[in-house]
Amino acid sequence: MKVLSVVGARPQFVKLAPVARECASRGVEHVIVHTGQHYDPMLSDVFFRDLGIPDPDVHLGVGSGSHGVQTGAMLAAMDEVLTTHRPDWVLVYGDTNSTLAATLSAVKLHLRVAHLEAGLRSFNRRMPEEHNRVLTDHAADLLLAPTQVALEHLTREGLAERTVVVGDVMIDVLHRVRDELVDPAGVLAELGQSAGGFSVATIHRAENTDDPQRLAAVVTALQEVDHAVVLLAHPRLRARAAEQGLDLDGGSLHTHDPLPYPALVGAVSQARGVITDSGGLQKEAFALRTPCTTVRTETEWVETVQLGWNVLVEPGPHVREAASRPAPKPTDAAPYGDGHAAAAVLDALLR
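Since the structure is predicted, the reported quantities are computational estimates derived from the model, not experimental observations.

Trainee: Would you mind showing me how to read the layout of surface pockets here?
Mentor: In this approach, a probe sized like a water molecule rolls over the atoms, and the result shows the empty space that is left. The computed volume of the second largest pocket comes to approximately 170 Å³. As for the second largest pocket, its lining consists of P18, R21, E22, D172, V173, R176, G339, H340, A342 and A343. Within the residue set of the lining of the second largest pocket, elements represented by two or more residues are α1 (10–26), α7 (169–180) and α16 (341–350). In terms of residue class, the lining of the second largest pocket is built from four nonpolar, two polar and four charged.

This is the structure we're talking about:
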């Protein structure tokens, strides 16, 4: 069997790691295509190195651009890649423009598509991620759902027969990184923080960064939290803050460059809380049992909210209040699987 994985953004590199390891252990031919959607080395190359992922076989180098321009450039380049490699499965990950472009190219060439992380829904059609995931699910041949909730969404859309619940591959890699690669003392020293005395923050979604009033409200709230907040500043956030004349430091807020994934896991594991608008980080915080505050009106990972480890807030004082709340009651719930999702993915593809 020949599997071709298409990735282009930080969460996809994390998901790729356990799949690449599983392919290697089974002797499955695995071609890795990097679209270049995220081209900053801290958001791309470092993940391959730190997580032990083989270098990409193909790098499209697409880079930034509007959604239409970026997706179109990937789509045009993917036709040649897929025609050359002719895989048994095109494996796409999550909800990015890379996922949609690879899916469209593959189905037009009559190649089978498997969507890892299928069935997630925010039900917010303003989000480009929602367009990408819905269109991909309805075009794909095999839907690899991470949770029962995802299966329920796909069932309501008439896609149950194509769906297999495999668990979440991010839990696979999180467990390995936590147990093998994390240096908590080193991370705390780099951040200048003490265990349990700070929150980790990431803000990057366009709905929060491109609206000057929303971004100003988020920054002000982070500066007013009752403990230190380390903001891992994505390049997009730095650019938007500079355009809007916002100082990302001050009060409780301290900025830091994005961390390599093992260091990020270490930081979250040692933090008292996480403040984010990222999808993946909500789930990682829950898996590490660190309370999360999500600066969005909805989440794909509803289990984190239902179990009391995540709250959804709008920019402004609610961010400050939620970030200062006490930790919830402990839970043994494992809605995202037992850390063996990559094996279930390969089993499904082989079947």
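Trainee: Explanation requested: the pairing of strand β2 (residues 29–34) in the structure shown.
Mentor: Successive side chains on a regular strand alternate, one facing one side of the sheet and the next facing the other. Counted residue by residue, β2 has five buried out of six residues, so it is predominantly covered. Relative to β2, strand β1 (residues 2–7) is paired through six bridges, and the arrangement is parallel. What sits directly across from V6, in β2, is V33. Here two bridges tie β2 to strand β3 (residues 58–59), and the two strands are oriented parallel to one another. Within β3, the residue paired with H34 across the bridge is H59.

Trainee: Would you mind going over the packing of α1 against α16 with me for this structure?
Mentor: Two quantities define a packed helix pair, namely the angle between the axes and the distance from one axis to the other. Where α1 meets α16, the closest approach of the two axes is 9 Å, and the angle between their N-to-C directions is 60 degrees. The pairing of α1 with α16 is recorded here as oblique in orientation. As α1 packs across α16, the resulting crossing turns out to be right-handed. Only A342, A343, L346, D347 and L350 of α16 make contact with α1, whose side of the interface consists of P18, V19, E22, C23 and R26. Of the residues assigned to the contact of α1 with α16, the class counts are seven nonpolar, no polar and three charged.

Trainee: Where do I start with the environment of E29 in this structure?
Mentor: Its location among the elements puts E29 in strand β2. Sequence separation of E29 and G94 is 65 residues, and the distance between their C-alpha atoms is 22 Å. If near-sequence neighbours (up to four positions away) are discounted, E29 is found in contact with M1, K2 and V3.

Criteria and thresholds
- Residue positions are given per chain, counted from 1 along the sequence in the order it is written.
- Reporting of local features is limited, given that this is a predicted model, to residues whose pLDDT is at least 70; pairs of side-chain atoms are given and counted only at 80 or more, and all residues count toward the totals for whole chains, interfaces and linings.
- Note that water and hydrogens are dropped before the side-chain values are worked out from all heavy atoms of the structure.
- Residues are called lining when one of their atoms sits within 4 Å of a cavity or pocket point, these points coming from a 1 Å grid over the protein atoms alone, where a cavity is a set in which a 1.4 Å probe fits but cannot get out and a pocket is an open set with protein on both sides within 12 Å along at least five of seven lines.
- Grid points are joined across faces, edges and corners, and a volume is the space filled by probe spheres set on the points.
- Labels follow the DSSP assignment, with helices taken as runs of H or I lasting at least four residues and strands as runs of E lasting at least two, numbered in each case from the N terminus.
- Three residue categories are used. Nonpolar comprises Ala, Val, Leu, Ile, Met, Phe, Trp, Tyr, Cys and Pro, charged comprises Asp, Glu, Lys and Arg, and polar comprises the others, including Gly.
- Partly exposed residues are those whose accessible area sits between 20% and 50% of the maximum for their type, while under 20% is buried and over 50% is exposed, using a 1.4 Å probe and protein chains only.
- Strands are treated as partners if at least two bridges between them are detected by DSSP.
- Throughout, an axis means a line fitted to C-alpha atoms (over the contacting stretch in the case of helices), and angles, computed between N-to-C directions, take values from 0 to 180 degrees.
- To sort the angles, those under 35 degrees are grouped as roughly parallel, those over 145 as roughly antiparallel, those from 65 to 115 as roughly perpendicular, and the leftovers as oblique.
- Note on convention: near helix rotated counterclockwise from far helix by under a right angle means a left-handed crossing. Clockwise means right-handed.
- Residues are treated as being in contact if the distance between any of their heavy atoms lies within 4.5 Å.

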